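# An overview of the molecular structure
So the chains spell out like this:
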Amino acid sequence: DTGVSQDPRHKITKRGQNVTFRCDPISEHNRLYWYRQTLGQGPEFLTYFQNEAQLEKSRLLSDRFSAERPKGSFSTLEIQRTEQGDSAMYLCASSPGAGIPNEKLFFGSGTQLSVL
Amino acid sequence: KQEVTQIPAALSVPEGENLVLNCSFTDSAIYNLQWFRQDPGKGLTSLLLIQSSQREQTSGRLNASLDKSSGRSTLYIAASQPGDSATYLCAVQYSGAGSYQLTFGKGTKLSVIP
């Protein structure tokens, strides 16, 4: 499978715990994005990487959230001290990054987080 | 605040019917508008991307139009099939600061009845 891969598919955690999600983009895609989607809503942008550089961060990304893409390949999104309001589907997407903004994004199947 | 609105929120049609989904956006300074499909509990699949200089794009039974001046786009689905049942999301890539992010609508949930 050469699509965007996310792990785990589902995560249940207790309030206050830390969680980490992983995203493997399509090989050779330079751009990687994280979005968050709650039930009945469209996805909301969280952050964007061009290779290993994190170039954009949403105000939604509080200081409890941190994302990395250390070698410009896979990325991790960590949430510290989880709250019930963090419960959502976390979606990763990638795009080729050929220097133009008009690119189709390829999304993974997401990680569904439930905070009890 | 840049917003994207989709109407209707839900739509149910009999198989074989042609249908139109609507999307409106608040700012005409865009790079492109994209339509996605999302199946329950799954990620998004890109259907069509219309650049700001284009008026429409077609893929199979799907046709998307863009009227940037009025802030509107439509997705036309011809001869609908039960397999088309899904949520359809419209997203706009605004130009300027934050230009690599997409702003999504809440989606239209489509049910095609056999």
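Just so it is clear, the model here is predicted, and its values are computed rather than measured.

## Some points on the overall build of chain B
Scanning chain B from terminus to terminus reveals zero helices and eleven strands. Walking chain B from its N terminus toward its C terminus, one meets helices and strands in the order β-β-β-β-β-β-β-β-β-β-β. Looking at chain B residue by residue over its 114 residues, the buried ones come to 44%. Put simply, of all contacts in chain B between residues at least 6 apart along the chain, 55% involve residues at least 24 apart. A total of about 5300 Å² of accessible surface is found on chain B, and carbon and sulfur atoms cover 48% of it. Of the charged side chains in chain B, 9 are positive and 8 negative; the average position of the first set lies 5 Å away from that of the second.

## A few points about the confidence of the model for chain A
Caution applies to low-pLDDT parts of the model: their predicted coordinates are not meant to be read in detail. Summing up the model confidence of chain A, the mean pLDDT is 93 and the portion of residues at 70 or higher is 97%. The element-level mean pLDDT for chain A is lowest in strand β6 (residues 53-57) of chain A, coming to 90, with strand β3 (residues 19-24) of chain A highest at 98.

## Focus on the side chain of Q6 of chain B
Residue and element names in this part refer to chain B. Mapped onto the elements of the fold, Q6 is located in strand β1 (residues 4-7). A polar contact of 2.9 Å, which involves the side chain of Q6, links it to the backbone nitrogen of C90. Here the side chain of Q6 touches G107 through a polar contact of 3.0 Å, landing on its backbone nitrogen. Setting aside residues up to four positions removed in sequence, Q6 forms contacts with N22, C23, W35, Y88, L89, C90, G105, K106, G107 and T108.

## What to know about the sheet that holds β3 of chain A
Think of a sheet as strands paired side by side through backbone hydrogen bonds, with each pair either parallel or antiparallel. Residues and elements named next belong to chain A. Read from one edge to the other, the open sheet built from four strands follows the order β1-β3-β8-β7, with strand pairing classed as antiparallel. Pairing within the sheet leaves two strands with one partner each, and these edge strands are β1 (5-7) and β7 (65-68). Across the sheet, the mean angle separating the axes of adjacent strands is 15° when strand polarity is ignored. Taken together, the five bridges between β3 and strand β8 (residues 75-79) define a ladder with antiparallel strand orientation. Along β8, the bridge assignment pairs F21 with L77.

## As for the pairing of β8 of chain A
Residues and elements named next belong to chain A. Burial along β8 is one-sided: the face carrying S75, L77 and I79 is buried and the face carrying T76 and E78 is not. Inspection of the sheet shows β7 paired to β8 by four bridges, in the antiparallel sense. Bridging across to β8, E68 finds its partner in T76.

Reading the values: the criteria
- Residues numbered from 1 in each chain as written.
- Chains lettered and ligands numbered in written order.
- Predicted model: local features only at pLDDT ≥ 70, side-chain atom pairs only at ≥ 80, totals over all residues.
- Heavy atoms only, no water.
- Helix = DSSP H or I, 4+ residues; strand = E, 2+ residues; numbered from the N terminus.
- Buried < 20%, exposed > 50% of the residue type's maximum accessible area, 1.4 Å probe, protein only.
- Contact = heavy atoms within 4.5 Å.
- Areas by Shrake-Rupley, 256 points an atom, 1.4 Å probe, with all protein chains shown as cover.
- Lys, Arg positive; Asp, Glu negative; His and termini not counted.
- Charge placed at Lys NZ, Arg CZ, Asp CG, Glu CD.
- pLDDT = per-residue confidence, 0-100.
- Polar contact = N/O pair within 3.5 Å; in protein donor to acceptor, adjacent residues only side chain to side chain.
- Pairing = 2+ DSSP bridges.
- Axes fitted to C-alpha atoms, helices over the stretch in contact; angles between N-to-C directions.

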